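Take a look at the letters that make up each chain.
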Amino acid sequence: MAGVNKVILVGNLGKDPEVRHLDNGRAVASFSIATSETYKNKSGERVTNTEWHNVVLWSPLAEIAEKYLKKGGQVYIEGKLTSRSYDDKDGNKKYITEVVGREMTLLGSRDSGGSSDSDSSSSVAAAPQVDYSAESDIDDLPF
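Residues numbered from 1 in each chain as written. Predicted model: local features only at pLDDT ≥ 70, side-chain atom pairs only at ≥ 80, totals over all residues. Heavy atoms only, no water.

Peer 1: Explanation requested: the overall build of the protein chain in the structure shown.
Peer 2: Within the protein chain, the regular secondary structure consists of two helices and seven strands. Put simply, the protein chain runs from its N terminus to its C terminus through helices and strands in the order β-β-β-β-α-β-β-β-α. For the protein chain, the residues scored as buried account for 26% of the 143 residues in total. Nonlocal contacts in the protein chain, meaning residues at least 24 apart in sequence, comprise 54% of its contacts between residues at least 6 apart. Put simply, the protein chain shows about 10,400 Å² of open surface, and 47% of that area lies on carbon and sulfur atoms. (Helix = DSSP H or I, 4+ residues; strand = E, 2+ residues; numbered from the N terminus. Buried < 20%, exposed > 50% of the residue type's maximum accessible area, 1.4 Å probe, protein only. Contact = heavy atoms within 4.5 Å. Areas by Shrake-Rupley, 256 points an atom, 1.4 Å probe, with all protein chains shown as cover.)

Peer 1: Looking at this structure, I do not really get helix α1 (residues 61–68). What am I missing?
Peer 2: Structural remark: α-helix, 3.6 residues per turn; residues separated by three or four positions point the same way. Within α1, burial applies to Leu-61, Ala-62 and Ala-65. One side of α1 carries all its buried residues, which in axial view fall inside an arc of 100°. (Arc of directions from axis to C-beta.)

Peer 1: Can you walk me through the pattern of salt bridges in this structure?
Peer 2: Between side chains of opposite charge, pairing is possible as soon as their charged atoms come close. The final tally for this structure, using the stated rule, is three salt bridges. Here Glu-78 and Lys-6 are joined by a salt bridge, their closest N and O atoms 3.1 Å apart. Pair noted here: Glu-78 is in strand β5 (residues 73–87) and Lys-6 is in the segment before β1 (7–13), with a separation of 72 residues, a long-range link. Note that Arg-84 and Glu-98 form a salt bridge whose closest N and O atoms lie 2.9 Å from each other. In this pair, Arg-84 is assigned in strand β5 and Glu-98 in strand β6 (residues 93–109), connecting sequence segments 14 residues apart. Arg-84 gets classed as partly exposed once you look at its relative accessible area, which sits at 41%. The exposure class assigned to Glu-98 is buried, which follows from its relative accessible area of 9%. (Salt bridge = Lys/Arg side-chain N within 4 Å of Asp/Glu carboxyl O.)

Peer 1: Hey, could you run me through the side chain of Ser-32 in this one?
Peer 2: In this structure, Ser-32 sits in strand β3 (residues 27–40). The class of Ser-32 is buried, set by a relative accessible area of 14%. The contact partners of Ser-32, leaving out residues within four places of it in the chain, are Asn-12, Leu-13, Gly-14, Trp-52, His-53 and Asn-54.

Peer 1: Would you explain the pairing of β3 in this entry?
Peer 2: Consecutive side chains along a regular strand alternate between the two faces of the sheet. The pairing of β1 with β3 spans two bridges and is classified as antiparallel. Paired with Leu-13 across the two strands is Ile-33, which belongs to β3. Examined bridge by bridge, strand β2 (residues 18–21) and β3 share four bridges and lie antiparallel to one another. In the sheet register, Val-19 faces β3, and the bridge partner there is Ala-29. Counting the residues between successive antiparallel strands, the hairpin from β2 to β3 contains five residues, one of them, Gly-25, with a positive phi of roughly 90°. Here β3 folds back onto strand β4 (residues 46–58) in antiparallel fashion, the turn holding five residues, of which Gly-44 has a positive phi close to 85°. (Pairing = 2+ DSSP bridges.)

Everything listed here is a matter of coordinates, which is why it stays silent on function.
Shown next, in the form of structure tokens:
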């Protein structure tokens with residue numbers, strides 16, 4: 001049985017996206033999203049728990065993120081969870097877990113100081129989708 005690796009996040013950006021352009025012209029955007037849940041503890045006090053998620057978007061979503069996403073803005077991200085390691089400046093091995101976004105929807109922002117309404121949402125095209133419904137593809141399944 002095949003596994004499922006799917007992440008859905010709705011949260012607010014902790015800072016503006018950082019966008020890099022690779023030698024081949026492809027853009028990659030990285031930013032963090034805060035998601036919060038609120039509950040009452042045993043004493044009846046409201047407690048808010050905030051989690052931070054590292055998000056990576058590739059072209060064409062990276063260019064859209066660079067243009068429209070701002071610190072504090074609310075966004076819907078759908079993608080997959082990935083883990084990788086790298087060596088920091090001191091040569092220490094570091095590990096990071098990221099959400100590689102495949103779909104993004106702009107939901108507005110906490111501070112609607114710009115031209116967008118906080119009630120409006122803007123859907124953004126995702127990475128190209130493949131139509132697996134063609135009957136000829138069904139015969140070629142490896143199982």
